[in-house]
Structure formats: C-alpha cells, structure tokens
Amino acid sequence: MRRFERKQNIFRNKDALGESYQPDQIEERDEEIEEYMDALQPVVDGWEPNNIFLYGNTGVGKTAVTDYLLDRLQDDVADYDDVNLSVISLNCKTLNSSYQVAVELVNKLRPAGGEISSTGYPQQTVFKKLYEELEAIGGTILIVLDEVDSIGDRDELLYELPRARANNNLDSAKVGVIGISNDFKFREQLDPRVQDTLCERELQFPPYDAPELENILESRAEIAIAEDAVEQGVLNFCAALAARDSGSARQALDLLRLAGEIAENREADLIERDHVEAARSRLEQERVEEGMRELTTHGRLALLAVISKAAKEETPCRTREIYEEYITLCDSSGTDSLAQRSVHNHLSDLRMLGILSAYENRSGSRGNYYSYELDVPFTSAIEAMSDVLRLDSEIETIREIASMNNVA
Ligand SMILES: Nc1ncnc2c1ncn2[C@@H]1O[C@H](COP(=O)(O)OP(=O)(O)OP(=O)(O)O)[C@@H](O)[C@H]1O
C-alpha cells in the first residue's frame, strides 16, 4: 500500500510562494525601479558606480527588486566590451562589525581552502586583503550588503570601501556599495562621513497598499496555484489583511501559501476564505511564540497579566492595574515579583515586539500615562502562553473567563 500520495490539486508550483523564489516580473514598483536604474546608470556608462542606500520596511521588495535589476544589468552590460561587471552579495544578518563583514567578503572572493580566519588580524589587514581580492577581479564591482544595519556603529568599512580608489587603496577596480536596511534609525545613527558616502543615492520603498498587494498575489498565484483553485475574493482578502497589518508582500504571500496548505490538508478543492482565516491565526500565533521565546519569565508574566485583563474585557488598561494582576500571577507561580517600573519596561518591550499596543493618555496635572491591550488575537496569545508557562490552572481559569465573555 502507498503511504505517500501526490497532492497537487491546489498548488501547481508551491515553491513560487517561497522565500527563495525570484520573480521574473516585479509588480507595482515602476517608479522605484526607474530611480534605481538611474542610480545604476554610471555602471553602464563605464564610470565609477554610485553608492546606493535602500531602505523600507520588511517585505516591501528591496531584495527582490535589487536581484531583478542586477540580473538585468549584468545581462545588458555584457554588450559593452569595456565594462566588466561583478556583483557580490552578502547578507550581514549575523555579522555585527565592519571587521566581520570584511572577513566574509574576503572569504567569498577566495577559492575554497584559501579562507582567512574570522579573528586575529588587525582590521586594516583584513581591509587590505579585501582590496587585494577586489583588485584581482578588477572592473566594476557592486557589493550588495543586505541587512546592513547589523553592522551597528562599527561602520568603518562603509566609509572606507567607497573611498578606496580615492585613497589609493584600489587602482583598477571601481567599487560601488549597495546597502539595504529595514531599520530607519540606522541611517540617522551612521557617522556623518559614512552617511555622505554610503547614502549618495537613497531609495525608499514604501509599504504596499491592498490593491498593490492583490496584484502581486495575482501574478504569483498564476504561477503557483492550480487553475480554479482559489475562491473568488480570496486574494483580495489576503491582500487586505497584509495591507492592514504591515504592507508586506512577504506576509501576503505567506498567508496565501499557508491557506493553500490548510486547504490541501482539509482535502478541499479550492482555497477559501476560511482557510485564510485559519492561516492568519496560525501565522499570528507563530509570531507571538517567536516573540515570546525571547522573553524572560517576567516578560511572560507581564504578558499573561494583560491576557488575563483581556479575558475580563478590561483592556486597554493602565500599567498599575496590569501590575496588580502580575503580582497575583507571581504569587501563584511562586516567583518573586519585580517593581512596577521594571514591569513597565517589560510592557514596552512587548509593544516593540508587536504583541501589545499602547495608548498614551493625558491626565492633566498628574502627567501622562500609558494603557495597554493585546495587539494579537486573544486566542493566539493564550495558545502561545500554554506552551511556555507552567501556570496551567491559572491559564485554564483565564480561558474560562474569556469564553464566558465571548472574548476570542
Ligand atoms: N513588487 C513585487 N513584485 C513581485 N514580488 C514581490 C514584490 N515585492 C516583493 N515581492 C516578493 O515578496 C517577498 C518579500 O520581498 P523582499 O524579500 O524583496 O522584501 P525585502 O523588502 O527585501 O524584505 P526584508 O527587509 O525583510 O529582507 C519575496 O518573495 C518577493 O519576491
């Protein structure tokens, strides 16, 4: 008997909804593409490249547009004998200094076996090795540094690299840096000299609105999803949810993919609105769980205090009231409680993680105060808590209160 049966009634090419898929077509970014092409034009003309800094929230097409344009650029400059273009791409996520980025670049350029160790050299020595490798390639070299904000304030490379020719560290190679970031604060905190060089051309990618997301989904669904396997209105619904939350194409695509998987598992013939609802709550739960893995015990207890208030329909509520609830939970779990100010800090962290939202209330002579509520569905939050806390009977009570109040 077969254990595995092929299921392809919903998806035609599921990989086309995945992270590694590179679309042949970019939707809704004509203006940004035009500006980007303009910034890349010196490469085609044989001059020194501009340094480009690209920023925008997560999932708004920064990487997709960059990959798409650099592929086209490489194809098109092949027609000109005097332009010899190389593109080196590096994701800096786990690299948090200029030193580490430089080591990684050197090792990317060296043949296997010739890598240098990631510690033990003076920074200038590593930079020198990098210049040697770049000189060996020669021609025009574009270095794409994705998630460049990870480099933090140890940003010397971002200053040195674009100026290497002017400082006689490079002779024949013409280097341009393309920095990509979704951290808006990063640009501000850069050393002013780095700002001037790296941000020679700045491109900002705004979040997508619902009609834009719907177009992106439509063009991807054509490739990824079998004919007639999406109910009318489903793409519109995915687009509306993602637009309301983040304006991220990644979020919209993730929703559609997961909704398709749920439809498949339920042996449905097509993806329906219900499947999208189920996908949304699962993704939200994953987001909360991911955020909560980072939390300390007290962060979790502070969150559970808000959840408990939400079950009683008492949110948004003030820090003081959350604090009282928190103390009760600490007592039940036999944990020593923190001072109110520390709990307030935990609430701020939860807000940064997108798990809580906060409102600032003005109260005249007594100054302003914050009140908090859940920014994720109640069910997702409490589900995630059950996995991380050993407060089973308290959580059960909160669930019962919520169900009496029809809180979901
Ligand atoms: N305009 C678009 N047309 C087609 N697909 C798009 C478009 N914008 C984004 N996508 C798709 O959405 C997903 C996320 O896009 P991308 O990785 O480019 O976002 P990003 O802005 O680089 O995000 P991050 O900052 O998180 O890396 C990818 O699968 C990408 O192919």
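Analysis parameters
- Residues numbered from 1 in each chain as written.
- Predicted model: local features only at pLDDT ≥ 70, side-chain atom pairs only at ≥ 80, totals over all residues.
- UniProt positions renumbered as here; feature names shortened; annotations may be inferred.
- Near = placed C-beta within 6 Å.
- Helix = DSSP H or I, 4+ residues; strand = E, 2+ residues; numbered from the N terminus.
- Nonpolar A, V, L, I, M, F, W, Y, C, P; charged D, E, K, R; others polar.
- Domains from an automatic or database assignment.
- Expected span 1.5 Å × (residues − 1).
- Contact = placed C-beta atoms within 7 Å.
- Buried ≥ 20, exposed ≤ 12 C-beta atoms within 10 Å, placed from the backbone.

Naming follows an unreviewed UniProt entry, where the protein appears as ORC1-type DNA replication protein of Haloplanus aerogenes. If you open the UniProt record of the protein and go to Function (unreviewed entry), you find "Involved in regulation of DNA replication."

**Remarks on the site of the ligand**
Near the ligand lie 18 residues; those nearest to it are Thr58, Gly61, Thr63, Ala64 and Ala249. Elements with a contribution of two residues or more to the shell around the ligand: helix 2 (62-77) and helix 10 (249-265). Taken together, the residues that form the shell around the ligand break down as 7 nonpolar, 6 polar and 5 charged. Here the shell around the ligand spans two domains, and each of domain 1 (30-204) and domain 2 (208-290) adds at least three residues to it.

**As for helix 14 (residues 340-352)**
An α-helix turns once per 3.6 residues; consequently, residues spaced three or four apart project the same way. The end-to-end C-alpha distance of helix 14 is 19 Å, a good match for the 18 Å that 13 residues give at a rise of 1.5 Å each. Tucked into the core, helix 14 has its buried residues touching helix 12 (297-311), helix 13 (319-333), strand 7 (356-362) and strand 8 (368-374). Downstream of helix 14 by one or two residues, Gly354 has phi in the positive range, about 80°.

**A look at helix 1 (residues 30-45)**
Taking 1.5 Å of rise per residue, 16 residues should cover 22 Å, and helix 1 covers 22 Å from first to last C-alpha, within 8% of that figure. Among the residues making up helix 1, those that are buried are Glu32, Tyr36, Ala39, Leu40 and Val43. Looking at the residues trailing helix 1, positive phi occurs at Gly46, about 90°.

**Quick word on unusual backbone geometry**
In the segment running from Thr315 into Pro316, the intervening peptide bond is cis, with an omega of 0°. With respect to the helices, strands and loops of the structure, Pro316 is situated in the loop between helix 12 and strand 6 (317-318). Its identity is not glycine, yet Asn168 carries a phi of approximately 60°, on the positive side. Within the secondary structure, Asn168 sits in the loop between helix 5 (156-163) and strand 4 (174-181). Here the phi dihedral of Glu267 falls at roughly 55°; this positive angle occurs in a residue that is not glycine.

**Description of the domain arrangement of the protein**
If you check the domain split of the protein, you get domain 1 (30-204), domain 2 (208-290) and domain 3 (295-404). Its C-alpha centre places domain 1 at a distance of 34 Å from the equivalent point of domain 2. Every contact between the two is made by 5 residues of domain 1 and, on the other side, 7 residues of domain 2.

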